[in-house]
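Okay, here's what each chain looks like letter by letter:
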Amino acid sequence: MTKHIAILRGDGIGPEIVAETVRVLDKLIAQGLDASYEYAPLGGEAYDEYGHPYPEFTQNLCRAADAVLLGYNLDYPNTERFLRAAGETEVPVVHASTSRLAIDNVADNPGLLGNIFHICAGDELYGPGILSFLDHVEAARGVSLRGRRLVLVEPPPGMDVLGPRTADHLCDRGVGLLTVGRAQSLCDAAERAHIVAELAQLDPDIVVCASFLDERLLVDVLTSFTGEVRRPLVFSLFTPSLAGFIEDNAALVEGLVWSTQTGTYHDALGQRFRREVMSAYGRWPGHSQAGVHFDAVSMLVRSWLDAGHPRDYADVTRQMREHPYRGVNGSYWLAGAGQAPLSYPYESLDGSLAQAQLIYQVRGGRNAVILPDAYAEAGVSIKGTRLAAAVGA
């Protein structure tokens, strides 16, 4: 029986991310998966075409599907509205955006939204990851960060990457936290120029750029520091995971540190997946979304097989919820109230049930995992940064 999947592409570069998903889906179909898929617009794309962010065409396609893959949606303030519409379909919905707001909505409305599963942990967990990285810098390189300035380029409106306690912990360590505001999810040229100017005035030692889908923002930030004898250490959230970003910006990214809540592991499963995608399509996948959507489709297939019937949607969602799954992006156990993965090591120390928040550094043109320790391939380098001056590196 052919299973029908509705793919909602989302905003910004959401269609490009979904393109990675479709390559993976095509590969599985070629290997024997009895499934078909159809696109539908969501968010800004839908508004431009239909005058509504969740038009009737999209709603009808979702109601007729056996599962929905919900791509990146940048309209975070209206997350609840999108989720409620997705919940009304009653079929399994897999949501790939990093959003504590979305997770909490499912937790608070299990009757209405119990068919929605998140495959990324919450955005607020980036904060503990940043703190772990600072600990690693101090321990591995023998440099004190007390008195240093950390500037956060804020995330898209509606996101919170620090959570409730990170700012307090930075203060306790003597690290000064400053912020540069951001009004747009994808910044236009004027806002990018304003952010770069603000950074120059603040003279940071560390820049945390919560750029996410905004590749141009991160490129402009990195470009602004070229030519400096001692540049700030730049830590980006998610952006360098996008397919081609490291290769396309090779002259800028050496030494860049970045993290993602869901990254393709560098173990045997992750490396095999990357090689197979490269062999099939002639290009390397990104380091996050291709893998996480491969895992999402794989979980759906397993749940269809384990359920009494693939169109017994209540049974399919129960299988998704109750059974852990180990994929190329780590482990998924979606049995919590918000039906999202546990984040290793911040929500669980059990790697068989939790998904590691991976922190990388670009070294010699490739991404090397530096944290968590259990997955690390190298220690951090601070060569050429303002942090290195204190230790003469």
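Structure shown above.
All residue numbers refer to positions counted from 1 along the written sequence of the respective chain. Residues qualify for local features only when their pLDDT is at least 70, as the model is predicted, and side-chain atom pairs are given and counted only at 80 or more; totals for whole chains, interfaces and linings, by contrast, use all residues. The side-chain figures draw on all heavy atoms in the structure; neither hydrogens nor water molecules are used.

Caption draft 1: Structural context of the nonpolar core. Within the largest apolar cluster, 35 residues are counted, with the highest numbers of intra-cluster contacts made by Phe133, Val137, Val161, Val208, Phe212, Phe235 and Leu237. Only DSSP runs of H or I with at least four residues qualify as helices, and only runs of E with at least two residues qualify as strands; both kinds are numbered from the N terminus onward. Only helix H7 (126–141), strand E6 (149–153), strand E8 (206–209), strand E9 (233–237) and strand E16 (366–371) provide two or more residues apiece to this core. Looking at this core element by element, the count peaks at six residues for H7. Contacts are assigned to residue pairs with any non-hydrogen atoms lying within 4.5 Å of each other. Ignoring any residue separated from it by four or fewer positions in sequence, one finds Leu237 in contact with Tyr126, Val161, Val208, Cys209, Ala210, Ser211, Phe212 and Ser259. Side-chain atoms within 4.5 Å are what join buried Ala, Val, Leu, Ile, Met, Phe, Trp, Tyr and Cys residues into a set we call a nonpolar core. When a residue's accessible area, from a 1.4 Å probe over protein chains only, is under 20% of the maximum for its type it is buried; when over 50% it is exposed; and in between it is partly exposed.

Caption draft 2: Structural view of the environment of Glu138. One can find Glu138 in helix H7. Owing to a relative accessible area of 32%, Glu138 belongs among the partly exposed residues under this scheme. Residues Glu138 and Ala243 lie 105 residues apart in sequence; the distance between their C-alpha atoms is 31 Å. In contact with Glu138, other than residues within four places in its own chain, are Val143, Ser144, Leu145 and Arg146.

Caption draft 3: Local environment of the environment of Val68. Following the sequence through the fold, Val68 ends up in strand E3 (residues 67–70). Along the primary structure Val68 and Trp258 are separated by 190 residues, whereas in three dimensions their C-alpha atoms are 30 Å apart. Not counting residues within four places of it along the chain, the set of residues in contact with Val68 comprises Ala6, Leu8, Cys62, Val91, Pro92, Val93 and Val94.

Caption draft 4: The packing of helix H9 (residues 189–202) against helix H10 (residues 215–224), seen in detail. An axis is simply a line fitted to the C-alpha atoms; with a helix, the fit covers only the stretch in contact. Between two such axes, the angle follows the N-to-C directions and lies from 0 to 180 degrees. Across the interface, H9 lies against H10 with an axial gap of 10 Å and an inter-helix angle of 35°. Crossing hand, H9 versus H10: right-handed. Across the interface between the two elements, Arg192, Ile195, Val196 and Leu199 of H9 pack against Arg216, Leu217, Asp220, Val221 and Ser224 of H10. Residues of the contact of H9 with H10, tallied by class, amount to five nonpolar, one polar and three charged. It is the rotation of the near helix from the far one that decides the hand of a crossing: anticlockwise by less than a right angle makes it left-handed, clockwise makes it right-handed. Ten residue types, Ala, Val, Leu, Ile, Met, Phe, Trp, Tyr, Cys and Pro, are classed as nonpolar, four, Asp, Glu, Lys and Arg, as charged, and the remainder, Gly among them, as polar.

So, to be careful, I would describe these as geometric facts and stop short of saying anything about function.
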